[in-house]
Structures are given as C-alpha cells and as structure tokens.
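# Structure at a glance
Here are the chains, one letter per residue:
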Amino acid sequence: MNDPFKRFRWRRVDAATRAKFRETTLAAQDFIWPLFLVDGHGVCENIAAMPGVCRYSADVAAEVVREYVGRGLRAVLLFGVPREKGIAQAWDPQGIVARAIPLIAAAAPQIEIITDVCLCSYTHDGACHVGDNDTTCEYLARIAVSHARAGAHWVAPSDMMDGRVWFIRRALQAAGLAQTRIMSYAAKYASAYYGPFREAAACTPQAGDRRDHQLDPPNAREALEEIAADIEEGAAAVIVKPALTYLDVIWRARAAVQVPVIAYNVSGEYTMLRQAVAAGMASPRIIAETLISMKRAGADRIISYFTPDILDGTIAWD
Ligand code: PBG
C-alpha cells in the first residue's frame, strides 16, 4: 500500500540527487561586474567601505578585465570617479569613462561594455540632477552620446529623472548611434543600501537625500509603471535596484515584461554579507544563497561586486 503522504526527502539525500532537482543556477555569464574608474596610471586603491573592491585607473581596469575574461567574464558596468568635480567632464570625449572604454575594448574585445550614466559623481553637491528635470535629461543625453561614441555597447541611466530614456534615445539616434542600447535603472529605490557606494564613487549628497526622485520603498506597482514607461521610451533591458529587499519587484517585473530584467546586488548588500562572513557571524554560503535568490526571483542577470569571486569559483552554489 502507498504511503498516505508524499515523500520528498529522497530528492535532497546527496549532492548528485540535489543537482538533478536544481531549478536555478549561478553561472559566470549571469554576472555584470561594476568597476570604479579613477584618473592616473597604475592605480588600484582599496575602498574602505567595500572590503575587497578597488578603484582602478583605466590601464589597470583593462588588465583586470582581460584577466577575468579568461575566466568567463562577459560584461562590465563602468562608473567614473573624477578627482575634481564639474559636470562638463561627464560628457567630455576625454572624460574618465570615455577614455577607458577603448582601452578596455582593446584589452578584451569580447567584453560587453555598459556605462553608468549619471551626474552624481561629477556635481559639487553629489546630486544626480541640476534642479530642473528636463535640463538634467539633456545633460544625461550628452553623457550617453559621449560614452556611445567611445564604444559603449549599452548606456545605463541611473538618475531616475522622468523621460531620460526618451531624451537619450533621441540623442543617440541624432548622433547616428542608434545601435547603442539603453539598460535603464527603471526601478531604482531610495534605499539605505547605497551607503558604501557613495564613498566608492564620492557622491554622497551634501544636502538632503534622493527620496524626491527615487522610488519610495513601500511601492511595487509604481515600479511596474516606471518599467513600462522606460521600455516604451526605448529601454532594451531594465534594472531593479537594490535586489535583495526588492525580490518581489524582480518577480513582478519578470512576469510583466519581455525584456531582460537585471538585478543590482548593491554596495550595502555586498558589504553586509562580506562583513557578516568576515566576523564569523555567517557561513560563506550566505553569499551564494543570496545571489541565487535573485535568479530564482526571475532576474536574467545580476550586477554584483561579487563577480570576481564567482569567476574565481570562491563563491558557488554546490
Ligand atoms: C548614482 C548611483 C548609485 C548607485 C549606482 N548609481 C547611488 C545612488 O543613487 O545614490 C548605487 C550602487 C550601489 O550601491 O552599489 N546614480
């Protein structure tokens, strides 16, 4: 006679059996590595708030990318961190990101180059905008065009101004750069998880916060409206950010749209887990468990500072 209940435990009895029932995986090609770029040569400086993460000058970044392409790296996301502030540098053809793109492309021709498009590391007050929404969008479009001209495959606006995807799309088209795609930070929340990044990118707001333009954390339906609008305006992929506290948004986005949905495993999530492991308060497995939750929620790819660990095999789900 059959048991009057179902038996599941045999599925989990050993590693080989568990592997047969695995629904989700973490693979090198899922990961996008964010890189902070600074002026100079031979620079590799540690970021105190993000243990294990460095700011690189373009030459070092190119070498590091070349090395990791050999281990399966597919894509990088570039952030410029200029020594002196001033927004015009953000779209200067000699600007920090524009100069780095051809160096990285030469060192690693297969790599997919995505650039973050925002004003916050260039403004004196650390703001992502200059006050007026549409004027800011005009500036963002200039930045996007300068990155696209330098060879970026994707531009990723992270400012949360209204209509910026439309402004960028129009400017790319006018500049003959229609093939450059837009990966928009469509659902970017006003999160306390960005703290370490602000040190890394020297973009801590000098006054106020970003709650007047980034999404309000209690809202999810509104995120879907933002995502739909960005796709309508011309985004070919959308980012949900942060990832961990917004897995429900990733899940809903995956069900609602057909374009790639990308999770941003942000700086605060990174530092929180690194510190917990370093302090012996959590098993290192906590990192792979967290990353795989983003895939399980429906993310096609993950932007993560853990990317080198994944490529080195020091973080894996096994
Ligand atoms: C700036 C920007 C931020 C991040 C990416 N682009 C910070 C912010 O909006 O304050 C956060 C990334 C991270 O925390 O890893 N527009």
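For the structure, check the block above.
Below or above, wherever it landed, is the structure these notes cover. (Residues numbered from 1 in each chain as written. Predicted model: local features only at pLDDT ≥ 70, side-chain atom pairs only at ≥ 80, totals over all residues. Heavy atoms only, no water.)

Within the protein chain, the secondary structure is distributed over 11 helices and 10 strands. Taken over the C-alpha trace, the protein chain has a radius of gyration of 20 Å; the compact-globule value for 318 residues is 20 Å, and the two agree within 12%. Oriented by its inertia axes, the alpha-carbon framework of the protein chain measures out at about 75 × 45 × 40 Å. Taking all 318 residues of the protein chain together, the buried fraction comes to 54%. (Helix = DSSP H or I, 4+ residues; strand = E, 2+ residues; numbered from the N terminus. Rg over C-alpha atoms; globule rule 2.2 N^0.38 Å. Buried < 20%, exposed > 50% of the residue type's maximum accessible area, 1.4 Å probe, protein only.)

As enumerated under the stated definition, the model contains one cavity of 30 Å³ or more in all. Here the largest cavity defines a volume of roughly 210 Å³. Surrounding the largest cavity, 21 residues form its lining, F79, D116, C118, C120 and F197 being those nearest its centre. Only β4 (75-80), α4 (133-150), β7 (181-188) and α6 (195-200) provide two or more residues apiece to the lining of the largest cavity. Here the element with the most residues in the lining of the largest cavity is β4; it accounts for three residues. (1 Å grid on protein atoms, 1.4 Å probe; cavity = no way out; pocket = protein on both sides within 12 Å on 5 of 7 lines; lining within 4 Å. Points joined across faces, edges and corners; volume = space filled by probe spheres on them.)

Inspection of the entire model under this criterion finds 13 aromatic pairs. Taking the centre distance of 4.6 Å and the plane angle of 45 degrees together, the rings of Y270 and F306 count as tilted. In this pair, Y270 is assigned in helix α9 (residues 267-278) and F306 in the loop between β10 (301-304) and α11 (307-312), connecting sequence segments 36 residues apart. Residues Y270 and F306 agree in their burial class; the two are buried. Counting every residue linked through ring pairs, the aromatic cluster contains F36, F79, Y185, F197, Y264, Y270, Y305 and F306. If you follow K188 out to its NZ or CZ, it ends over the ring of Y194, 5.5 Å from the centre. For the cation-ring pair, R285 lies above W317, with the distance from its terminal atom to the ring centre recorded as 4.5 Å. (Phe/Tyr/Trp six-rings, centres within 6.5 Å; stacked < 30°, edge-to-face > 60°. Lys NZ or Arg CZ within 6 Å of the ring centre and 35° of its normal.)

Cis geometry marks the peptide bond from K241 to P242; its omega dihedral reads -10 degrees. Secondary-structure assignment places P242 in the loop between β8 (237-241) and α8 (247-256). Of note, the phi angle at M160 is positive, near 65 degrees, even though the residue is not glycine. Considering the arrangement of structural elements, one finds M160 in the loop between β6 (154-157) and α5 (164-174). Residue class for M160 comes out buried when judged on its relative accessible area of 4%. For A202, which is not a glycine, the phi torsion comes out positive at approximately 50 degrees. Along the polypeptide, A202 turns up in the loop between α6 and α7 (221-233).

Formed by 65 residues in total, the largest nonpolar core has its most connected members in F36, L77, Y264 and L291. If one sorts the elements of this core by residue count, helix α10 (residues 285-296) sits on top with five residues. Not counting residues up to four positions away in its chain, the partners in contact with L291 are L26, F31, N265, I302, S304, F306, I310 and I315. Ranked by size, the runner-up nonpolar core spans 49 residues in total, among them I104, A108, I143 and L172. (Core = buried A, V, L, I, M, F, W, Y, C linked by side-chain atoms within 4.5 Å. Contact = heavy atoms within 4.5 Å.)

This paragraph deals with a positive patch on the surface. Side chains of K6, R9, R11 and R12 sit close together on the surface and give a patch of like positive charge. On the secondary structure map, R9 appears in the segment before α1 (15-20). On the basis of relative accessible area, R9 is assigned to the exposed category, the value being 73%. (Patch = residues over 30% accessible without salt bridge, like charges linked within 9 Å, V, L, I, M, F, W, Y side chains within 5 Å. Areas by Shrake-Rupley, 256 points an atom, 1.4 Å probe, with all protein chains shown as cover. Salt bridge = Lys/Arg side-chain N within 4 Å of Asp/Glu carboxyl O. Lys, Arg positive; Asp, Glu negative; His and termini not counted. Charge placed at Lys NZ, Arg CZ, Asp CG, Glu CD.)

This part is about the site of the ligand. Around the ligand sit 18 residues, and of these K188, R198, R210, K241 and Y305 come closest. Within the side chain of R210, a nitrogen or oxygen atom sits 2.3 Å from an oxygen atom of the ligand. One of the side-chain nitrogen or oxygen atoms of Q214 is found 2.9 Å away from an oxygen atom of the ligand. Relative to its unbound accessible area of 400 Å², the ligand is 100% covered by the protein chains. Here the ligand is seated within the largest cavity. Class assignment for the residues of the shell around the ligand results in 10 nonpolar, three polar and five charged. (Near = heavy atom within 4 Å. Polar contact = N/O pair within 3.5 Å; in protein donor to acceptor, adjacent residues only side chain to side chain. Sits in = over half its atoms within 2 Å of the grid points. Nonpolar A, V, L, I, M, F, W, Y, C, P; charged D, E, K, R; others polar.)

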